[in-house]
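These are the residues of each chain, in order.
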Amino acid sequence: MEIIDILISASFWTAAIRIASPLIFAALGELVCERAGVLNLGIEGIMVVGAFAGWMAVYLGGGLWLGVAVAMASGMLFGLLHGTLTVPFGLSQHVVGLGITLLATSLTYYCYRLALPEVTSPPKIEAFQPFEIPLLSDIPLVGPALFSQTPLTYLAFVLVIVVTVVLYRTPLGLALRAAGENPAAVEAQGLSVTAIRMGAVMVGSGLMAVGGAFLTMSAFNSFFFEMVNGRGWICIALVVFGSWRPGKTLLGAVLFAAFDALQIRVQQTSLGADIPYQIFLMAPYILSILALVIMSRRAQVPAALMVPFNKGER
Amino acid sequence: MTKTDEAQVVLRLSSITKRFGKLTANDAISFDLAKGEVIALLGENGAGKTTLMNILFGHYTADEGEVEVFGQRLPPSQPKAALQAGVGMVHQHFTLADNMTVLENIVLGTEPLWRMGFGRSAARRRILALVEDYGLRVDPDATVGSLTVGERQRVEILKALYRDARILILDEPTAVLTPQETEDLFATMRKAVAHGLSVIFISHKLHEVTAISSRVVVLRHGKLVAEARTADLDRHQLAQMMVGAEVPPPAVREAAPGEVLVALEGVSTPDRGAAPGLKSANMALRGGQIIGMAGVSGNGQAALADLIGGLIAPASGRLRLKDGVPSDWSPRAALAAGIARIPEDRHKTGTIADFDLTENAVLELYAKPPFSRRGWMDWGAARDFTQKVIERYDVRCPGAETRIRLLSGGNMQKLILGRVLETAPDVVLANQPVRGLDIGALTYVHEQLLAARDRGAAVLLISEDLDEITALSDVIHVISEGRLSPAFGRGELTTAELGVWMAGHGFEGETHAA
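Thresholds applied
Residues numbered from 1 in each chain as written. Chains lettered and ligands numbered in written order. Predicted model: local features only at pLDDT ≥ 70, side-chain atom pairs only at ≥ 80, totals over all residues. Helix = DSSP H or I, 4+ residues; strand = E, 2+ residues; numbered from the N terminus. Buried ≥ 20, exposed ≤ 12 C-beta atoms within 10 Å, placed from the backbone. UniProt positions renumbered as here; feature names shortened; annotations may be inferred. Axes fitted to C-alpha atoms, helices over the stretch in contact; angles between N-to-C directions. Parallel < 35°, antiparallel > 145°, perpendicular 65-115°, else oblique. Left-handed = near helix turned anticlockwise from the far one by under 90°. Nonpolar A, V, L, I, M, F, W, Y, C, P; charged D, E, K, R; others polar. Core = buried A, V, L, I, M, F, W, Y, C linked by C-beta atoms within 7 Å. Contact = placed C-beta atoms within 7 Å. Domains from an automatic or database assignment. Pairing = 2+ DSSP bridges.

1. Brief notes about the overall build of chain A
Moving on, step 1. When you go through chain A residue by residue, the secondary structure sums to 14 helices and zero strands.
Moving on, step 2. Taken from the N to the C terminus, the helices and strands of chain A come in the order α-α-α-α-α-α-α-α-α-α-α-α-α-α.
Moving on, step 3. Seen through its principal axes, chain A has C-alpha atoms that stretch 65 × 50 × 40 Å.
Moving on, step 4. Considering chain A as a whole, with its 314 residues, one finds that 49% of them fall into the buried category.

Structure follows, in structure tokens:
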């Protein structure tokens with residue numbers, strides 16, 4: 001029962017939480033956009049931008065937190081572009097989102113080549129180090145998993161709480177959710193749908209970029225091509241899995257990450273000798289699809305998701 | 001013209017003009033609203049009432065003219081400014097977020113966005129006080145998605161009152177209410193006036209206008225054609241002012257009932273969300289008759305229409321056609337049985353907006369000769385058919401290759417009517433056939449339905465307009481919460497008696513007397 005051994009090992013859960021962290025940032029960002037009624041398919045490209053921008057800022061001598069801020073700002077810039085095209089101009093959110101992903105990805109690689117024309121292997125940076133929270137990190141299993149992580153992971157968990165509180169406990173969150181449910185209601189109450197949606201897309205995109213930056217600044221310590229590797233698309237599914245609720249989305253991210261961490265470890269057991277490794281690589285995705293099918297049965301989609309709002313048209 | 005006392009004026013519209021392309025929706029409209037007054041804004045569909053109110057509230061920008069509230073000019077195109085000036089609007093299509101509670105919908109936008117938390121308990125106290133004061137029964141903690149239409153309307157009114165509205169605009173508020181709910185609404189309006197509010201009440205139902213308003217402003221084709229004290233006018237004069245000419249009721253010839261073409265025998269269908277399905281419904285559609293289905297919208301009309309049109313099959317009971325009970329009930333089977341439908345929503349289910357007239361004309365017939373043979377379309381035949389429909393049914397359009405999106409509602413409806421009637425169907429399912437049409441198109445549609453009846457077809461007329469039902473129908477059923485009343489003959493019940501049935505009284509299983 002090697003699998004049981006893996007499941008009760010602290011290193012497995014530490015890895016799962018680490019793998020989940022970038023997904024939590026980006027999925028929260030996507031959730032904020034979608035709750036306001038905008039599907040942001042630029043997520044994959046924005047994560048690439050964030051990964052590069054944060055890493056580059058640190059490589060050029062900035063502090064780690066400055067790097068996070070730069071990543072956030074770069075994401076918000078692309079959010080501004082996405083929002084301008086989809087909100088006031090009301091263009092197709094699918095086309096704009098995919099366009100942003102292509103643009104952001106290509107532009108990043110171009111900037112990488114401009115900045116580092118000669119290198120064959122990308123330079124490493126001094127990344128975030130795990131910070132053990134006193135006392136809490138001594139708890140068996142839970143301690144190493146939750147309380148011996150890097151500061152960015154702690155930030156991800158804190159943000160889940162912040163987003164939940166803002167969405168459900170503040171007038172701002174009320175307006176944001178209403179913009180995704182019935183923008184006419186927001187308009188009729190004297191608020192600007194455009195401002196709310198633009199703000200949501202920008203903040204959401206900023207969070208996605210921080211998710212990307214986690215990869216370079218807290219996991220791989222360097223930037224290379226294809227490093228985001230579909231994580232953005234996974235986050236789109238995680239939001240659906242979480243029924244557009246931050247807490248459930250966090251749960252989904254951890255679940256997916258646990259599958260991912262598990263398959264790597266199972267490959268090294270006796271099971272791995274008999275089964276082609278591609279099957280293991282597929283496993284998290286197959287299990288995610290199954291979980292998605294079960295969880296999204298009763299999901300409440302924001303009613304105005306992907307519906308552009310044009311003032312004065314009804 | 002009535003001169004309003006200057007000091008009492010709370011709202012003044014000065015020569016408001018709004019054009020949409022070639023159409024002038026509002027043509028230099030001016031009037032005043034005084035404190036504690038109810039003005040009825042009367043006019044047909046398309047007369048420009050809603051446009052005018054949307055300008056007042058800042059949803060639209062007027063091309064010319066201005067709006068003054070309490071002596072202050074309102075900046076155009078800013079709902080926020082209108083709200084702050086004390087204008088509250090209850091839209092015809094509710095502006096509520098279904099996934100939030102009543103309280104959240106009311107509080108939305110009333111508190112600064114950038115602060116932690118909102119005063120739920122204080123808000124709840126205020127809402128409950130308003131509920132008490134104005135007789136607007138609704139639970140602040142209920143989710144809006146679970147409310148009835150009448151309750152949602154009360155939430156909309158509460159939204160306005162919560163913001164201390166001094167001027168209340170109600171855009172066709174009674175269209176979705178039962179006669180009893182309408183009475184409750186009127187009671188609320190009287191309380192509002194007693195509190196010193198002013199109300200603009202939009203309607204095209206004359207008896208409501210005479211019941212509640214102190215003054216009436218009549219719009220026709222975007223122009224203000226009359227303004228008078230309600231007490232000085234009778235309904236007949238109002239009707240004339242509204243349509244601009246004496247409207248003769250359609251000449252009804254004696255019906256010659258034929259055989260039963262479609263019969264429902266204890267049919268039930270599943271509920272769909274808030275919309276009830278049919279509950280052991282019995283009815284017979286005979287050739288040579290118009291069968292009117294009266295009722296407040298959302299009482300099972302959709303289920304009935306879908307059943308007859310083949311979109312749903314009975315869950316229990318039987319649907320019997322002329323030659324027996326069909327084994328498989330689908331839209332195709334319904335078409336094959338000679339049932340043609342005029343759908344309730346001509347935009348959503350009647351036409352495809354970006355297809356041209358020809359494509360739309362053969363939408364239900366394309367699979368049959370002469371329009372297609374051996375899997376190939378014959379567009380020549382389709383165009384000939386469309387041309388015939390355009391000529392016979394007076395569809396005003398640039399040509400058969402026009403995208404149907406560009407046609408007015410009336411002309412779109414005429415094309416649907418032509419497409420339906422040209423095939424000489426045995427049964428015509430007419431669901432709200434004149435909704436949103438002007439008086440000319442409306443009269444035309446009615447005449448065509450009568451002609452189909454005289455030809456021997458059974459016409460099922462589903463309408464929320466009781467006057468339309470009583471004028472045309474040879475047999476009337478009332479539908480309420482999915483239950484069908486027995487069949488009543490022409491003139492058997494008065495409008496008031498039908499209203500009692502519409503409110504859900506008199507059905508089997510009813511314990512208290514109506």
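2. Observations regarding the UniProt feature "transmembrane region" (unreviewed entry) in chain A
Residue and element names in this part refer to chain A.
Moving on, step 1. Under the UniProt annotation, "transmembrane region" (unreviewed entry) lies at residues 6-26, 38-58, 64-83, 95-115, 151-168, 198-217 and 278-296.
Moving on, step 2. The span residues 95-115 shows a helical share of 100% and a strand share of 0%, and its end C-alpha atoms are spaced 30 Å apart.
Moving on, step 3. Structurally, residues 278-296 comprises 95% helix and 0% strand, and the distance from its first C-alpha atom to its last is 27 Å.

3. Thoughts on the packing of helix α4 (residues 64-86) of chain A against helix α10 (residues 193-219) of chain A
Residue and element names in this part refer to chain A.
Moving on, step 1. At their nearest, the axes of α4 and α10 sit 7 Å apart, and the two run at 140° to each other. As summarised for this structure, α4 and α10 are arranged oblique, according to the angle between their axes. Seen from above, α4 lies across α10 with right-handed handedness.
Moving on, step 2. Partitioning the contact of α4 with α10 into residue classes produces 15 nonpolar, 10 polar and one charged.

4. Considering the environment of Glu422 of chain B
All names here are of chain B.
Moving on, step 1. In this fold, Glu422 is placed in the loop between α14 (409-421) and β18 (427-431).
Moving on, step 2. Overall, Glu422 belongs to the partly exposed group, with 16 C-beta atoms counted inside 10 Å.
Moving on, step 3. Taking the C-alpha atoms as reference points, Glu422 and Val389, 33 residues apart in sequence, are found 7.5 Å from one another.

5. A look at the nonpolar core
Moving on, step 1. Counting residues in each nonpolar core, the largest one holds 166 residues, and the members touching the most others are Leu23 of chain A together with Val87 and Ile169 of chain B.
Moving on, step 2. In this structure, Ile169 of chain B is in contact with Met53, Leu56, Phe57, Val87, Gly88, Met89, Val90 and Ile200 of chain B, ignoring residues within four places of it in sequence.
Moving on, step 3. In terms of nonpolar packing, the next biggest core, distinct from the first, is built from 72 residues, Leu261, Met283, Ala400 and Leu449 of chain B among them.

6. Describing the domain arrangement of chain B
Interfaces are often sized by the amount of accessible area the parts lose when they come together.
Moving on, step 1. What the domain assignment reports for chain B is domain 1 (6-243), domain 2 (256-338 + 426-514) and domain 3 (348-424).
Moving on, step 2. For domain 1 of chain B versus domain 2 of chain B, the distance between C-alpha centres works out to 33 Å.

7. Focus on the sheet that holds strand β14 (residues 316-321) of chain B
All names here are of chain B.
Moving on, step 1. In space, the three strands of this open sheet follow the order β12-β11-β14, with antiparallel pairing throughout. Bordering the open sheet on either side are β12 (281-286) and β14, each of which pairs with just one other strand. Neighbouring strand axes in the sheet, compared pairwise and without regard to direction, differ in orientation by 5° on average.
Moving on, step 2. Two strands pair when backbone bridges link them, and strand β11 (residues 260-268) and β14 are joined in this way by five bridges, in the antiparallel orientation. Looking across to β14, one finds that Val262 is bridged to Leu321.

8. A word on the environment of Thr174 of chain B
Residues and elements named next belong to chain B.
Moving on, step 1. Tracing the backbone shows Thr174 in the loop between β7 (167-171) and α6 (179-194).
Moving on, step 2. The exposure class of Thr174 is buried, given the 20 C-beta atoms found within 10 Å.
Moving on, step 3. Each C-alpha atom of the pair Thr174 and Gly150 lies 9.2 Å from the other, and the pair is 24 residues apart in sequence.
Moving on, step 4. In contact with Thr174, other than residues within four places in its own chain, are Thr182, Leu185, Ser203, Lys205 and Glu208.

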